[in-house]
Amino acid sequence: MVDLTLLTPELTLVGTGLVVLSIGLFLNTNAKKILSYLASLGILASLVLVLTNLGNGGMLFNETLSFDALSQFFKIVFLSVALLVSIASIKYTEGNSHTEEFYSLLIFATVGMMFVASANDLIVLFVAFELASLATYALAGFEKKNPLSLEASMKYFMIGALSAALMLFGISFIYGATGTTSIPGVAENINILLGSPIGLLSVVLMIAGLGFKIALVPFHMWAPDTYQGSPSVVSSLLAAGSKKMGFVAAFKVFMVGLIALQAEWTTAFALLAVITMTLGNIVALSQNSVKRMLAYSSVAQAGYITMSFVVMSKTALAGAILYALSHGFMKAGAFIATAAVIYMVLSEKKDSEMPDHIDNFRGLGKRMPITALCMTIFLFALAGIPLTAGYMSKFVLFASTIEAGLVWLAVIAILNSAISLFYYARVVKYMYFLSSEGEKIAEPVPYTVAMIIAAIFVLAIGFWSEPFIYWAMEAAKVLI
Amino acid sequence: MEIPILSLIVLIPFLFSVLTLLTKNKEQARAVALLSSVVVLTLTVYMYLNFDSNTAQMQFQEFAQWVPSLGINYQLGIDGISMPLVLLNAIVIPFLILFTWNDEKNHSNRFYALLLATQGAVIGVFVSLDFFLFYVFWELTLVPLFFMVSIWGGPAKHKAAIKFFIYTHVGSLVMLLGIFALYFTAWKQTGTPNMNIEHLLSQFQFISDGLSRNLIFLALLFGFLVKIPSFPFHSWLPDAYVEAPTAGSVLFVLLKIGGYGLFRVSLPLLPFTPSMDLMVTVMAALGSVSILYGAFLALAQRDLKRMVAYSSISHMGYVTLGAAGLVSLSVSGAMFQQFSHGLIMSIMFMSCGVINRATGTRIINDLGGLAGKMPKLAVIMMLAFMASLGLPGLTGFIAEFMVLTFTYINQPTYVIIAILAVIITAAYHLWAMQRTMFGVYNQKFGVLKDISASQTFSMAIIALLILYFGLNPSPVLNMMITNSEKLVSLLAVTGV
């Protein structure tokens, strides 16, 4: 009999998802609000379970699932993001007859991400990856009467399907050559792939497959359209959660499974990291849609995190892992703040062409003071202003490149960071320095709660960094 | 238990900054701000009275662990390099608040909150003994000043604010690279991470690779030179100083963190930098070019405030030049220049603000004969202008005299270049004074009121301090000399 205590957080979530889905069938639209609270509670319970079980590690199901500091850390990232999204969506799904579908999809996507974090086997990893992806494809197209949302979903699905195929193709090569799908097993039997074209091919296929999810340039084309078109709360999940899933999968595949082929993939990642951050930041400069700007900023941030594949030291990985957590809060917060603004714009003018246009942020400091303040915190954190989570993570990550002697990489990253300040500060300028005629607005409570929680964590990681850095270091030890 | 006085003078401004945000109107906000600054001033004076000028050691040290796994600690201390600068900030800020007391322009509670936040951040830079903390405060000074310029600035405020932000942000990021490099090499050498400034500076000499030592030194120096600012990185200054509201310009003037970094970090590293001679020459050259070029630019300005801004570049050149003099008296002259320049420029910018408010213009040619209408302003402004051009008996003279005389020992060529500027400096000061204060009164201004009582009071006190420290510089100069002797003794050890 398998001891399932380690799996309780996942089981709790699955249970909540099924309950929400089935109860939803019998409720009328007005009563469905209860489902959103139920789902949020379920996610919170799962998060508490993960936190209380931090010390326990182990393997399950013939060592296909591993529970260690790394997987637990990322589960906390996913669950925190899911919780924020779920709280914010209480308002978004209000009066929507498909509330139960929204929440169950959100929960199943989170379950998928959590299994990716625990996966110790390429097949489990792939299946979990697909579970999360399929749920998010549907979520992206949740506004089925909005052509932009449908376009977002369609693009995301097409590209996602292609990347899944590439990844599976890569896995099949690895399996064919090593005779196993277990990730540590691959590492043991890697000899046959060393120096062979099949090894190179599988590395390329895996980079391409995972690169799509992480949105590395040139595999990023879908990201801006999808993030812009999807409902903002879903963009929040995609950028803050789903993208981190790509990273944890990549960490496992490359740093554990294919570590012997390091020579083949470091240069590729170095190139990808530099192109990704530079292009992301430069294109973000000229965006007028705030969601699109956040999407490109997200691309750029993925570039920073990718640097850890180049540096490959414990500090770098700890930095990357800490960055994943910080970025989860910052980006989720920023998208939720945008969602609040969009909600406001749409409630004033139903058929607004581009509700996330930067002009709608004019005078937000007066109109929605809490939203504006939280958005400022998120943007400054994304830019890496000291005493925020973003600064602390950048500090550790960038510092590690210097430690490894890769000064050129640090210089590029730091210059990029300086560029990024420009477009973040622009939004702040619109919120506080430009005035608008609009009146003060009652800020929707769920969005506000989610934003405040995220802002508290962004500041906490920045101020009181020691425990978070310690955690990240522990998680990094699993990989190196 | 002793009072953690340094923490208090750093945290009180931040705390009150939040409090001012909560106030309902301008009257409450300015009262809260004044209270905060007076408390800080009292504490600073108390600290100053208990400060031992005869030792170069850190005093009033505080220590608490912060992020032990990265060797980052909350560590504060003060010595003869930082004490005068903390004193300068603590003295000027309350009078600055008094100066803005009846400023009818929309100085809301946010304005005072930003002002206090700047004060806290600047003092924080001066008293941090941990590089991480130092950098955090260093970056924090940017944020309130950025907002201050972009909310209450002049017509081109947005451009000025962004230019200032990007310029100095790039400078600090490059400095950060230098800090990282220093931190990690020290980590490798000692096996434990430690962000303590003194520890990192002492590890610098053990870095085996000469090129890295040069690069680290240059990266840090670059960050400081941008902030000072020195030629050729000065172009953010005129825009930012001119577009900023009067109080913002004064805050910029009090932002002496660039020069401070030069003394705190660059000079101790200098003797162990392989290309030391080259670095010293670069510093001396940039210093003297700043002096001369700044003076010429000031001479060419039509706008009074812009002229004062360029004169600031010229004066800050003395700081770089004196630091490159590498003699204890030239270095302490440079430190004294920072102190003196802070006081003088505060009055000069206040005067520009008052004139602009009264007449609606700052164009020198349009002004004239103000002395007859605004006698109190004329007296105080005259004193500041005289101090600025280096009249004996005032602080500016002592600082510039020390720098020029003692730098001559090691860098005669660059001192001669700088001396050329003295004539130009006198010229633009006297010329501007003559054309604004004296001459024919421009009748279109109608009846002008002289400066208000609170403005007179605050400007007069600072003016008296200029006179006092000009006649008796020893209260701050002694501690500067103690510390510069220590800095210079490092050079002697390495046989320079």
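Residues numbered from 1 in each chain as written. Chains lettered and ligands numbered in written order. Predicted model: local features only at pLDDT ≥ 70, side-chain atom pairs only at ≥ 80, totals over all residues. Heavy atoms only, no water.

Draft legend 1. Local environment of the overall build of chain A. If you tally the helices and strands in chain A, you get 19 helices and two strands. Its C-alpha atoms give chain A a radius of gyration of 21 Å, near enough to 23 Å, the size a compact globule of 480 residues would have. Here chain A holds 480 residues, and 65% of them are scored as buried. Long-range pairs, those at least 24 residues apart, make up 81% of the contacts in chain A with a sequence separation of at least 6. Carbon and sulfur atoms form 68% of the exposed surface of chain A, whose accessible area is close to 16,100 Å². Looking at charge distribution, chain A has the averaged site of its 25 positive side-chain charges lying 8 Å from that of its 25 negative ones. (Helix = DSSP H or I, 4+ residues; strand = E, 2+ residues; numbered from the N terminus. Rg over C-alpha atoms; globule rule 2.2 N^0.38 Å. Buried < 20%, exposed > 50% of the residue type's maximum accessible area, 1.4 Å probe, protein only. Contact = heavy atoms within 4.5 Å. Areas by Shrake-Rupley, 256 points an atom, 1.4 Å probe, with all protein chains shown as cover. Lys, Arg positive; Asp, Glu negative; His and termini not counted. Charge placed at Lys NZ, Arg CZ, Asp CG, Glu CD.)

Draft legend 2. Spatial organisation of the overall build of chain B. Along the backbone of chain B there are 21 helices and two strands. Relative to a compact globule of 496 residues, whose C-alpha radius of gyration would be 23 Å, chain B shows 22 Å and is just as compact. Principal-axis analysis of the C-alpha atoms gives chain B an extent of 70 × 55 × 40 Å. Out of the 496 residues in chain B, the part that is buried amounts to 67%. Pairs at least 24 residues apart make up 80% of the contacts formed inside chain B by residues separated by at least 6 positions.

Draft legend 3. Geometry of the nonpolar core. Within the largest apolar cluster, 392 residues are counted, with the highest numbers of intra-cluster contacts made by Phe251(A), Phe254(A), Leu258(A), Trp265(A) and Phe252(B). Looking at this core element by element, the count peaks at 21 residues for helix H13 (residues 314-348) of chain A. Setting aside residues up to four positions removed in sequence, Trp265(A) forms contacts with Val203(A), Ile207(A), Phe254(A), Met255(A), Leu258(A), Ile259(A), Phe309(A) and Met312(A). (Core = buried A, V, L, I, M, F, W, Y, C linked by side-chain atoms within 4.5 Å.)

Draft legend 4. Spatial organisation of the interface of chain B and chain A. Every contact between the two is made by 30 residues of chain B and, on the other side, 27 residues of chain A. Put simply, chain B and chain A have zero salt bridges between them. The tally of links from chain B across to chain A stands at three residue pairs in polar contact (both at pLDDT 80 or more). Elements that contribute at least two residues to the side of chain B that touches chain A include exactly strand E1 (59-67), helix H5 (131-140), helix H6 (142-152) and helix H7 (157-190) of chain B. Among the elements that make up the side of chain B that touches chain A, the one with the highest residue count is H7(B) (13 residues). Grouping the amino acids of the side of chain B that touches chain A by side-chain chemistry returns 24 nonpolar, four polar and two charged. (Salt bridge = Lys/Arg side-chain N within 4 Å of Asp/Glu carboxyl O. Polar contact = N/O pair within 3.5 Å; in protein donor to acceptor, adjacent residues only side chain to side chain. Nonpolar A, V, L, I, M, F, W, Y, C, P; charged D, E, K, R; others polar.)

Draft legend 5. A look at the side chain of Ser290(B). Residues and elements named next belong to chain B. On the secondary structure map, Ser 290 appears in helix H13 (residues 276-299). A distance of 3.3 Å separates a polar atom in the side chain of Ser 290 from a polar atom in the side chain of Ser 230. Excluding anything up to four places from it in sequence, Ser 290 contacts Ser 230, Phe 231, Ala 295, Ile 313, Ser 314 and Gly 317.

Draft legend 6. The pairing of strand E2 (residues 72-78) of chain B, seen in detail. Residues and elements named next belong to chain B. The element E2 is extensively covered by neighbouring structure, given that six of its seven residues are classed as buried. Direction of pairing for E1 relative to E2: antiparallel, over a ladder of six bridges. Across the sheet, residue Phe 63 finds its bridge partner in E2, namely Gln 75. Between E1 and E2, which follow one another and run antiparallel, lie four residues, and Gly 71 among them has a positive phi close to 70°. (Pairing = 2+ DSSP bridges.)

Draft legend 7. Fine view of unusual backbone geometry. In this structure, the amide linkage connecting Val217(A) to the following residue, Pro218(A), adopts the cis form with an omega of 5°. Locating Pro218(A) in the fold gives a position in the loop between helix H8 (197-214) and helix H9 (222-229). Not every positive phi belongs to a glycine, and Leu326(B) is a case in point at roughly 60°. With respect to the helices and strands, the residue Leu326(B) is situated in the loop between helix H14 (304-325) and helix H15 (328-359).

Draft legend 8. View of a nonpolar patch on the surface. Residue and element names in this part refer to chain A. A cluster of nonpolar side chains, Leu 134, Met 154, Phe 157 and Met 158, forms an exposed patch at the surface whose accessible area comes to about 400 Å². Per-element tally for the nonpolar patch: the top contributor is helix H6 (residues 147-178), with three residues. Mapped onto the elements of the fold, Met 158 is located in helix H6. (Patch = residues over 30% accessible without salt bridge, like charges linked within 9 Å, V, L, I, M, F, W, Y side chains within 5 Å.)

Draft legend 9. Just the packing of aromatic side chains, in detail. Residue and element names in this part refer to chain A. Under the defined criterion, the tally for this structure stands at 61 aromatic pairs over all chains. Seen from their ring centres, Phe 74 and Phe 78 are 6.1 Å apart, and the 40° between their planes marks the pair as tilted. With a gap of four residues between them, Phe 74 and Phe 78 both fall in helix H3 (residues 69-92), about one helical turn apart. According to the relative accessible area criterion, Phe 74 is buried, its value standing at 0%. Ring geometry for Tyr 391 and Phe 395: centres 5.9 Å apart, planes at 45°, overall tilted. Highlighted residues: Tyr 391 and Phe 395, both in helix H16 (residues 389-403), separated by four residues, approximately one helical turn. With respect to class, Tyr 391 is no different from Phe 395; both count as buried. Taken together, the ring pairs connect Phe 73, Phe 74, Phe 78, Phe 247, Phe 251, Phe 254, Trp 265, Phe 269, Phe 309, Phe 468 and Trp 471 into an aromatic cluster. (Phe/Tyr/Trp six-rings, centres within 6.5 Å; stacked < 30°, edge-to-face > 60°.)

Draft legend 10. Representation of the pattern of salt bridges in the model. All names here are of chain B. For the coordinates displayed, the defined rule picks out 14 salt bridges over all chains. A salt bridge links Asp 239 to Arg 306; the shortest N-O distance between them is 3.3 Å. Of this pair, Asp 239 sits in helix H10 (residues 236-243) while Arg 306 sits in helix H14, and the two are 67 residues apart along the sequence. With a closest N to O distance of 3.1 Å, Asp 303 and Arg 362 form a salt bridge.

Draft legend 11. Layout of the environment of Pro144(B). All names here are of chain B. Tracing the backbone through its elements, the reader meets Pro 144 in helix H6. Given a relative accessible area of 5%, Pro 144 falls into the buried group. Measuring from C-alpha to C-alpha, the distance between Pro 144 and Ala 247 comes to 12 Å, with 103 residues separating the pair along the chain. The contact partners of Pro 144, leaving out residues within four places of it in the chain, are Leu 114, Ala 117 and Thr 118.

Draft legend 12. Fine view of H7(B). With 34 residues, H7(B) ought to run about 50 Å at 1.5 Å a step, and its terminal C-alpha atoms sit 48 Å apart, in line with that. At the exit of H7(B) stands Gly191(B), carrying a positive phi of roughly 85°. (Expected span 1.5 Å × (residues − 1).)

Draft legend 13. Spatial organisation of the packing of H3(A) against helix H18 (residues 445-463) of chain A. All names here are of chain A. As a packed pair, H3 and H18 sit with axes 7 Å apart at the nearest point and diverge in direction by 160°. Considering the angle they form, H3 stands roughly antiparallel to H18. Between H3 and H18 lies a crossing of left-handed hand. For the pair formed by H3 and H18, the contact residues are Leu 84, Ile 87, Ala 88, Ile 90, Lys 91 and Tyr 92 on the first element and Pro 446, Tyr 447, Val 449, Ala 450, Ile 453 and Ala 454 on the second. Here the residues of the contact of H3 with H18 are counted per class, giving 11 nonpolar, no polar and one charged. (Axes fitted to C-alpha atoms, helices over the stretch in contact; angles between N-to-C directions. Parallel < 35°, antiparallel > 145°, perpendicular 65-115°, else oblique. Left-handed = near helix turned anticlockwise from the far one by under 90°.)

Draft legend 14. Spotlight on the side chain of Ser202(A). Residue and element names in this part refer to chain A. Mapped onto the secondary structure, Ser 202 falls in helix H8. You can call Ser 202 buried: its relative accessible area is 0%. Of note is the side chain of Ser 202, whose polar atom sits 2.8 Å from the backbone oxygen of Gly 199. Once residues within four sequence positions are removed from consideration, Ser 202 is found in contact with Gly 170, Phe 173, Ile 174 and Leu 193.

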